[in-house]
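Survey of secondary and tertiary structure
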Number of protein chains: 2
Amino acid sequence: MSVGGRVGGNGGNGSAGSGTGAGEIRKTVLPGGLRVLTERVPTVRSATFGIWVHVGSRDETPALNGATHYLEHVLFKGTERRSALEISAALDAVGGEMNAFTSKEFTCYYARVLDADLPLAIDVVGDMLTSSVLDPAEIEAERGVILEEIAMTEDDPGDCVHDLFAHTMFGDSPLGRPVLGTVDTVNSLTRDRIARFYRKHYDPPHLVVAAAGNLDHDAVVHQVRAAFDRAGALSRTDGTAEPVGPRTGMRAVRAHGRVDLSDRRTEQAHLVLGMPGVSRNDDRRWALGVLSTALGGGMSSRLFQEIREKRGLAYSTYSYTSGFADCGLFGVYAGCRPSQVADVLKICRDELDQAARQGLPDDELKRAIGQLTGSTVLGLEDTGALMHRLGKSELCWGEQLSVDDMLAKISAVTPDDVRAVAQDVLDQRPSLAVIGPLTDRQASQLHEAVA
Amino acid sequence: MSVGGRVGGNGGNGSAGSGTGAGEIRKTVLPGGLRVLTERVPTVRSATFGIWVHVGSRDETPALNGATHYLEHVLFKGTERRSALEISAALDAVGGEMNAFTSKEFTCYYARVLDADLPLAIDVVGDMLTSSVLDPAEIEAERGVILEEIAMTEDDPGDCVHDLFAHTMFGDSPLGRPVLGTVDTVNSLTRDRIARFYRKHYDPPHLVVAAAGNLDHDAVVHQVRAAFDRAGALSRTDGTAEPVGPRTGMRAVRAHGRVDLSDRRTEQAHLVLGMPGVSRNDDRRWALGVLSTALGGGMSSRLFQEIREKRGLAYSTYSYTSGFADCGLFGVYAGCRPSQVADVLKICRDELDQAARQGLPDDELKRAIGQLTGSTVLGLEDTGALMHRLGKSELCWGEQLSVDDMLAKISAVTPDDVRAVAQDVLDQRPSLAVIGPLTDRQASQLHEAVA
């Protein structure tokens, strides 16, 4: 029931497949256009099962802002066969973890369980997705929960500064609005609107089922089919319906030199300095992932070394990329006391400028490639991460890239590739979002960082 | 570099061993009293290596408060063979994750790497532990980082309310002081004091080496021995030195009916209502773990159902136990807007009172046992979690409990056991810690919750 989106220094582009250490991937498309993907990992005792929906906050009109996330909460509140308590008790009773998240481009419901409990997870999550009753009283109670979630997020300035930065970059457009919505939009969402949103977006062609772990593909397909057939979900659609393809398009982000400051009585100022990046369909994403890793992806990265290790100006600092279907962002974050904001921003800007001019020397390039390679392979042991790759790859690219292919893409990044993408991305005039209790003088210095 | 301590609804008592799904555990004691424990999991490609130190913030005098955590940071700043950058670059280059945490009773440094990189991890972490140079300039720079970490924690009221609650319960005693220290104590810690602390606590009898993953015990022992011998660490101690045993003792916690309110301009009020629990050596801990799971350990738990699902009063609410060597705490947390604090506290108090009188009905007991059993087995797939159990068990109990034995302890919990521990723990008068922007009227109602 959280909010997803950013990708830390590990690049995170790409997807898993049958290759280095990963299991066999199979895909079946059921009548009605429902895709089922599995990855078999016979060495574990668990499985993670998820259903992905091709809808996110960028599909909302201004008045509907927050509807995707609100609906995600409501689906836990009861079906024709199960109350909210019965849904959660079913998974709790076997020690399973069930949760969901909503991002700007998709929504995912998932459960991690012991392999023997996978049929139970499929039955429960499938039931939630296909047969929600959208009970009016439950929807009202959940409005309070979501308002509390918004308040909780407000109390986490290191998190919500990223929402502010999205607004800095995208303004009052779908990508610029918060996934949670606002107090006003959440208060004005009616059951009727949420129900229409549910009927419109939760049909088989918009869904991808993904499962990874100690499982059998045919058995999973059979159980998924049974769960959807019970609800009549597959027969409701035209039997020849085709799965909805990945989002396409190309969008120019024109924010340069903007500064957004949100005054808040926090101890630290939380800041994001960044610029337009590349979309997840852009071939330069591999080089940008390597560059971001070298700049702010680990303890040996430039920002960590310059800001934290040498100067002691911050505890947390990192860079990240976020790639959408048609555009992207590159940003650096730091949290520091207000008196140090100017120094920290100067270091960030200097590092970005230097990388824009010079790219990366061989040793740092090699280390960043090693870091991405190692962390990718280490990530293959987690069935949750494998399920995530399966579902996201199908929705984002309509195909699975094997781990070997992905590692090859990372290893193939050259100094010239990095220099080129550094010039394309980092040589743009940055924008800045800050949350914190700055004095007027400190606030007036912010514009120097984006001059 | 984080702070550890609480245990969520999953009970978290006990330790791993050779049994259900877990690997073979072996232990070797090297000359000088250095313990090396390994768990072999041949089905994974990774390993997690850690060194545990039997020292935590409860070992600090008031003036030294924060020294354990400060030292933990300083050990990343350079050895006789490696600079700070060389330490972090070594692990980053292979995609490893290296980190550390300090709790009230111990400190742990660890790295998760691909199995082929385990010798590297042992060499680097061993070097950090045995051969830190405690460079004065690095210590000064790190002081700024720690002050930023304190500021960052202050900005996370859902976290620091637990520090406030520890002070409510333990007052100005070692367990009542924050692991991070305060701005004042951190500012007054000198290199000399930190160096003395290092020499006093970081000798082989106080250390436990723990590793889990695709490894060979004899090879790990050989590599650990080489890392410590290079620094002369094993020969510095008397060759017949014995490992330091677990902490012992029994301490009565006498806080009842106390209320601590910290006024802060947050959106939510963050509250912990709790009472003395049981120590980690107390046989009642299994029943208390089951009880805590049923009360606030999952989405089907009583607090989640009553506060969030039925009434929509909070987004996050849970119960937890924390067991120290000689005492423990039981607490429930909720974050909600100030206008709802009185309602939320009333529900919490009612639920605690009801469980104190009646224990748990059979269906909830059975579900809680299933939840603890399933989550324990699911946890065995993570080499980090296995390493954690190995090290903590050795320090806390001086022995490893097998997973089968642990599952048997959980399954053996009876309704009578739960009723007895519920009466012992929940029938005590609670205390309360709150962070948030309460009005005078809201603040005056807090005392009703602990009446």
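These numbers come from a predicted model, not from an experiment.

Packed helices, taken two at a time, are described by the angle their axes make and the gap between the axes. Residue and element names in this part refer to chain B. Running from N to C, helix H1 (residues 67–74) and helix H4 (residues 136–154) cross one another at 120°; their axes reach a closest spacing of 10 Å. Overall, the two elements H1 and H4 adopt an arrangement that is oblique. Between H1 and H4 the crossing geometry is right-handed. From H1, His-69, Tyr-70, His-73 and Val-74 reach across to H4, where they touch Ile-139, Glu-142, Arg-143, Val-145, Ile-146 and Glu-149. Considered class by class, the residues forming the contact of H1 with H4 number five nonpolar, two polar and three charged.

Here we come to the sheet that holds strand E10 (residues 317–323) of chain A. All names here are of chain A. Taking strand neighbours across the sheet as the criterion, the five strands line up as E8-E12-E9-E11-E10 in an open arrangement whose pairing is mixed. Strand pairing shows two members of the sheet lacking a second neighbour, strand E8 (259–263) and E10, which therefore form its edges. Each strand of the sheet is rotated relative to its neighbour by a mean of 15°, with strand direction disregarded. Relative to the sheet, helix H5 (residues 157–170) contacts E8, strand E9 (269–276), E10, strand E11 (328–336) and strand E12 (431–436), its axis offset from that of E12 by approximately 145°.

For the rest of this paragraph, the subject is the sheet that holds strand E11 (residues 328–336) of chain B. All names here are of chain B. With respect to topology, five strands assemble into an open sheet ordered E8-E12-E9-E11-E10, the strand pairing being mixed. Two strands in the sheet have a free side with no partner beyond their single neighbour: strand E8 (259–263) and strand E10 (317–323). Sheet twist, expressed as the average angle between the axes of neighbouring strands with direction ignored, equals 15°. When strand E9 (residues 269–276) meets E11, the two strands line up antiparallel, connected through eight bridges. Across the sheet, residue Val-272 finds its bridge partner in E11, namely Tyr-333.

Note on the copies: chain B fits chain A at an RMSD of 0.0 Å, the axial shift is 0.0 Å, and the rotation between them is 180°. Such a combination of rotation and displacement between the chain copies is what one expects of a two-fold axis. In this assembly, 100% of the residues forming the interface of chain B have copies in chain A that are likewise at the interface, indicating an isologous arrangement.

So, about the environment of B:Leu71. Residue and element names in this part refer to chain B. Turning to its location among the elements, Leu-71 is positioned in helix H1. In this structure Leu-71 comes out as buried when scored by relative accessible area, which is 0%. When the C-alpha positions of Leu-71 and His-201 are compared, they lie 11 Å apart, and in sequence the two are 130 residues distant. With residues near it in sequence (within four places) discarded, Leu-71 still touches Tyr-109, Leu-134, Ile-194, Phe-197, Tyr-198 and Tyr-202.

Here we take up unusual backbone geometry. Residues and elements named next belong to chain A. Located in the positive-phi region is Leu-134, a residue other than glycine, with phi close to 50°. For Leu-134, the position within the fold is in the loop between helix H3 (118–130) and helix H4 (136–154). Here Leu-134 falls in the buried class, since its relative accessible area comes to 5%.

With that settled, consider the pattern of salt bridges. All names here are of chain A. A full pass over the atoms with the stated rule returns 64 salt bridges over all chains. One salt bridge in this structure joins Glu-364 and Arg-302, with 2.8 Å as the shortest N-O distance. You can see Glu-364 sitting in helix H13 (residues 362–378) and its partner Arg-302 sitting in helix H11 (residues 302–310), a full 62 residues away along the chain. Among the residues examined, Arg-302 registers a relative accessible area of 12% and is labelled buried.

With that settled, the discussion passes to the interface of chain B and chain A. Facing 67 residues of chain B, the contacting portion of chain A comprises 67 residues. When chain B packs against chain A, close to 5,300 Å² is buried across both sides, 56% of that on carbon and sulfur atoms. Among the residues chain B hides against chain A, the three largest losses belong to B:Glu148, B:Tyr315 and B:Leu378. Together they make up 14% of the total. Summed over the shared surface of chain B and chain A, the result is eight salt bridges. Residue B:Lys77 pairs with A:Glu309 through a salt bridge whose shortest N-O separation is 3.4 Å. The tally of links between chain B and chain A comes to 29 residue pairs in polar contact (both at pLDDT 80 or more). Elements represented by at least two residues in the side of chain B that touches chain A include exactly helix H2 (84–92), strand E6 (107–114), H4, helix H11 (302–310), E11 and helix H13 (362–378) of chain B. Each residue belonging to the side of chain B that touches chain A can be placed in one class, and the counts come to 24 nonpolar, 25 polar and 18 charged.

All names here are of chain A. This structure, assessed with the given rule, holds 18 aromatic pairs over all chains. Ring centres of Tyr-109 and Tyr-202 lie 6.3 Å apart, and the angle between their planes is 70°; this geometry places the pair in the edge-to-face category. With Tyr-109 in strand E6 (residues 107–114) and Tyr-202 in the loop between helix H7 (191–201) and strand E7 (207–213), this pair connects stretches of sequence that are 93 residues apart. Judged by relative accessible area, which is 1%, Tyr-109 ranks as buried. The rings of Trp-52, Phe-101, Phe-106 and Tyr-110 are connected pair by pair, giving a single aromatic cluster.

Residue and element names in this part refer to chain A. As for its placement among the helices and strands, Arg-143 is situated in helix H4. Exposure remark for Arg-143: the relative accessible area of 9% places this residue in the buried category. Every residue in contact with Arg-143, bar those within four places of it in the chain, is listed here: Tyr-70, Val-186, Asn-187, Ser-188 and Leu-189.

Time to look at the domain arrangement of chain A. Residues and elements named next belong to chain A. Once the domains are mapped, chain A shows domain 1 (3–230) and domain 2 (259–450). Between domain 1 and domain 2, the C-alpha centre-to-centre distance is 27 Å. Every contact between the two is made by 59 residues of domain 1 and, on the other side, 60 residues of domain 2. In this assembly, domain 1 packs against domain 2 so that about 4,600 Å² is buried in total across both faces, 68% of it on carbon and sulfur atoms. Summed over the shared surface of domain 1 and domain 2, the result is five salt bridges. Here Arg-280 and Glu-105 are joined by a salt bridge, their closest N and O atoms 2.4 Å apart. Taken together, domain 1 and domain 2 are joined by ten residue pairs in polar contact (both at pLDDT 80 or more). Breaking the side of domain 1 that touches domain 2 down by element, the ones donating at least two residues are strand E2 (24–30), strand E3 (34–40), strand E4 (46–53), E6, H5 and E7. Among the residues making up the side of domain 1 that touches domain 2, the classes are represented as 27 nonpolar, 23 polar and nine charged.

Listed under "domain: Peptidase M16 N-terminal" (unreviewed entry) in the UniProt record, and renumbered for this structure, are residues 35–182 of chain A. Helix makes up 43% of residues 35–182 of chain A and strand 19%, and the two end C-alpha atoms of the span are 33 Å apart.

Residues and elements named next belong to chain A. Viewed as axis vectors pointing N to C, helix H10 (residues 285–296) and helix H16 (residues 415–426) meet at an angle of 80°, and their least axial separation amounts to 9 Å. The orientation of H10 with respect to H16, classified from their angle, is roughly perpendicular. Residues Ala-287, Leu-288, Val-290, Leu-291 and Leu-295 of H10 touch H16, and the partners they reach there are Asp-417, Val-418, Val-421, Ala-422, Val-425 and Leu-426. Across the contact of H10 with H16, the residue classes tally to ten nonpolar, no polar and one charged.

Here we come to the confidence of the model for chain A. Residues and elements named next belong to chain A. In the predicted model, chain A carries a mean pLDDT of 93, and the fraction of residues at 70 or more is 94%. Confidence drops under pLDDT 50 across residues 7–20; counting only partners more than four residues distant or on other chains, this segment forms 59 contacts. The complex prediction reports pTM at 0.93, with the ipTM value standing at 0.92.

Every α-helix carries 3.6 residues per turn, so stepping three or four residues along brings you back to the same face. Residues and elements named next belong to chain A. The element H11 is extensively covered by neighbouring structure, given that seven of its nine residues are classed as buried. Buried within H11 are the following residues: Arg-302, Leu-303, Phe-304, Gln-305, Ile-307, Arg-308 and Glu-309. Within two residues after H11, Gly-312 carries a phi angle of roughly 65°, on the positive side.

Moving on to helix H12 (residues 341–358) of chain A. All names here are of chain A. Look at H12: 26 Å from first C-alpha to last across 18 residues, which is about the 26 Å you get at 1.5 Å a residue. Listing the buried residues of H12 in full gives Val-341, Val-344, Leu-345, Ile-347, Cys-348, Arg-349, Glu-351, Leu-352, Ala-355 and Ala-356. Of the residues one or two after H12, Gly-359 is the one with positive phi, at around 65°.

Conventions we followed
Residues numbered from 1 in each chain as written. Chains lettered and ligands numbered in written order. Predicted model: local features only at pLDDT ≥ 70, side-chain atom pairs only at ≥ 80, totals over all residues. Heavy atoms only, no water. Axes fitted to C-alpha atoms, helices over the stretch in contact; angles between N-to-C directions. Helix = DSSP H or I, 4+ residues; strand = E, 2+ residues; numbered from the N terminus. Parallel < 35°, antiparallel > 145°, perpendicular 65-115°, else oblique. Left-handed = near helix turned anticlockwise from the far one by under 90°. Contact = heavy atoms within 4.5 Å. Nonpolar A, V, L, I, M, F, W, Y, C, P; charged D, E, K, R; others polar. Pairing = 2+ DSSP bridges. Least-squares fit on C-alpha atoms with pLDDT ≥ 70 in both. Buried < 20%, exposed > 50% of the residue type's maximum accessible area, 1.4 Å probe, protein only. Salt bridge = Lys/Arg side-chain N within 4 Å of Asp/Glu carboxyl O. Buried area = accessible area lost by both parts, 1.4 Å probe. Polar contact = N/O pair within 3.5 Å; in protein donor to acceptor, adjacent residues only side chain to side chain. Phe/Tyr/Trp six-rings, centres within 6.5 Å; stacked < 30°, edge-to-face > 60°. Domains from an automatic or database assignment. UniProt positions renumbered as here; feature names shortened; annotations may be inferred. pLDDT = per-residue confidence, 0-100. Expected span 1.5 Å × (residues − 1).

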